[in-house]
Amino acid sequence: MKTGLLLDRAFTEHDPGDHHPEAPGRIEAIINELTASGVADSCKPLPERSVTDDEVLLAHTDGYLKTVLREIDGSSGQLSTGDTNFGPNSLEVARKAAGGLLGAVDGVISGELRNAFCAVRPPGHHATPDRGMGFCIFNNAAIAARYAQQKHGLKRVVIIDWDVHHGNGTQDIFYEDGSVFYFSTHQHPWYPGTGMKEETGSGQGKNTTLNTPLPAGSGMAEIEAAFRGPFTTKMKEFKPDLVIISAGFDSRLDDPLGQLTLSDKDFASLTRILSEMAGEFSEGRLVSVLEGGYNQAGLALAVRHHLEALQSV
Ligand SMILES: [Zn+2]
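This section reports on the structure supplied with the text. The shown structure was predicted, so the numbers you read here are calculated from the model rather than taken from an experiment.

**Thoughts on the overall build of the protein chain**
Helix and strand counts for the protein chain stand at 9 helices and 10 strands. Here the C-alpha atoms of the protein chain give a radius of gyration of 17 Å, agreeing with the 20 Å that 2.2 N^0.38 yields for 313 residues. Taking the principal axes of its C-alpha atoms as reference, the protein chain extends roughly 50 × 45 × 40 Å. For the protein chain, the proportion of its 313 residues judged to be buried stands at 56%. Sequence-distant contacts, at least 24 apart, represent 77% of the contacts inside the protein chain between residues at least 6 apart.

What follows is the structure, given as structure tokens:
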């Protein structure tokens, strides 16, 4: 079985404007690296697919969807809900980003794929139920988690978010939902300001949110301790049916939007830890989706190491 890979120039067509860090060149850099290294050829290409309105509503409110449909109208601008720029093709590309992830979920759950990585943009983890922000329109990982539950009948999903920023949107969507566990390591204090240790979920979701805020300069020692310590303990109780990685590579050394210090090899190590966990609890089912990562050359290398680790499981 092969690792599924969504790698498509269509994801360069979301244009947030000149000099924006969340640039189309991020995808071009990944395509170039994965093609030149031969990694792309050794993966199974994932089909293009667009998310429907009903699928968007798995994680977002009807009011927010209507705002998106009204505001992203073929022109360029910024969502009224937050700091997310869009261009003429952004709605179509955002639908393909979330939809591609659903195709990956189908392939992994059917057993056709070993695991999968989706090199998509716009990213998703800052998008809350009713608010796009932080360069995010739809919360790709959250839609995929709910889709795996509703379409495929999986009970428990874990989302691991190693982006340098806290995934406030993903946390909000599942804060009172005990069936989806959210675990984040992130720089703190940093954008968007959420993700304190004390934020652990509420109601039915009590103790299914786990945050590890880390000071600037932190790296693999601190992050690996969080993965192998409190998180592993939680997963022994939670026993996920599916592992989703919100793979942000702005936690890499030398990212212009972050000050953590992970290396390319560290991303491979974290990937192996999560693959082993998926093997233990989830029959190996693991789907990873690109979030941040703004040093384009570094992002491409980190993604290659991540994919090579997924292939070596
Ligand atoms: Zn980020």
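Structure shown, so let's carry the discussion forward.
**Re the nonpolar core**
Core analysis: the largest hydrophobic core is formed by 95 residues, its most contacted members being Cys 118, Ala 119, Ile 143, Ala 144, Val 243, Ile 244 and Val 287. Here this core gets 10 residues from one element, more than from any other, and that element is helix α4 (residues 90-110). Contact partners of Ala 144, with chain neighbours within four places excluded, come to Leu 101, Leu 102, Val 105, Ile 244 and Val 287.

**Quick notes on the packing of helix α7 (residues 220-238) against helix α8 (residues 264-281)**
α8 packs onto α7 with a crossing angle of 10 degrees between their chain directions and a minimal axis gap of 11 Å. In terms of their interaxial angle, α7 and α8 are classed as roughly parallel. Note on element contacts: α8 touches α7 through Asp 266, Leu 270, Ile 273, Met 277 and Phe 281, opposite Met 220, Phe 227, Arg 228 and Met 235. When grouped by side-chain class, the residues that make up the contact of α7 with α8 number 7 nonpolar, no polar and 2 charged.

**Considerations on the packing of α8 against helix α9 (residues 296-311)**
With their axes 8 Å apart at the nearest point, α8 and α9 run at an angle of 30 degrees to one another. Regarding the angle of α8 to α9, the classification is roughly parallel. Seen along the crossing, α8 lies across α9 with a hand that is right-handed. Of the residues in α9, those touching α8 at Asp 264, Lys 265, Phe 267, Ala 268, Thr 271, Arg 272 and Ser 275 are Leu 301, Ala 302, His 305, His 306, Glu 308, Ala 309 and Leu 310.

**A closer look at the sheet that holds strand β1 (residues 2-6)**
In spatial order, the strands read β2-β1-β5-β10-β9-β6-β7-β8; together these 8 strands make up an open sheet with parallel pairing. Edge positions in the sheet fall to β2 (44-45) and β8 (209-214), since each of these pairs with one other strand and no more. Note that strand β6 (residues 157-161) and strand β7 (residues 180-187) share 5 bridges and pair parallel. Bridge assignment links Ile 160 to a residue of β7, and that residue is Phe 183. Each of β1, β5 (113-118) and β10 (286-290) is contacted by α4, which is oriented at about 170 degrees to β5, the strand it contacts most.

The rules behind these values
- Residues numbered from 1 in each chain as written.
- Predicted model: local features only at pLDDT ≥ 70, side-chain atom pairs only at ≥ 80, totals over all residues.
- Helix = DSSP H or I, 4+ residues; strand = E, 2+ residues; numbered from the N terminus.
- Rg over C-alpha atoms; globule rule 2.2 N^0.38 Å.
- Buried ≥ 20, exposed ≤ 12 C-beta atoms within 10 Å, placed from the backbone.
- Contact = placed C-beta atoms within 7 Å.
- Core = buried A, V, L, I, M, F, W, Y, C linked by C-beta atoms within 7 Å.
- Axes fitted to C-alpha atoms, helices over the stretch in contact; angles between N-to-C directions.
- Parallel < 35°, antiparallel > 145°, perpendicular 65-115°, else oblique.
- Nonpolar A, V, L, I, M, F, W, Y, C, P; charged D, E, K, R; others polar.
- Left-handed = near helix turned anticlockwise from the far one by under 90°.
- Pairing = 2+ DSSP bridges.

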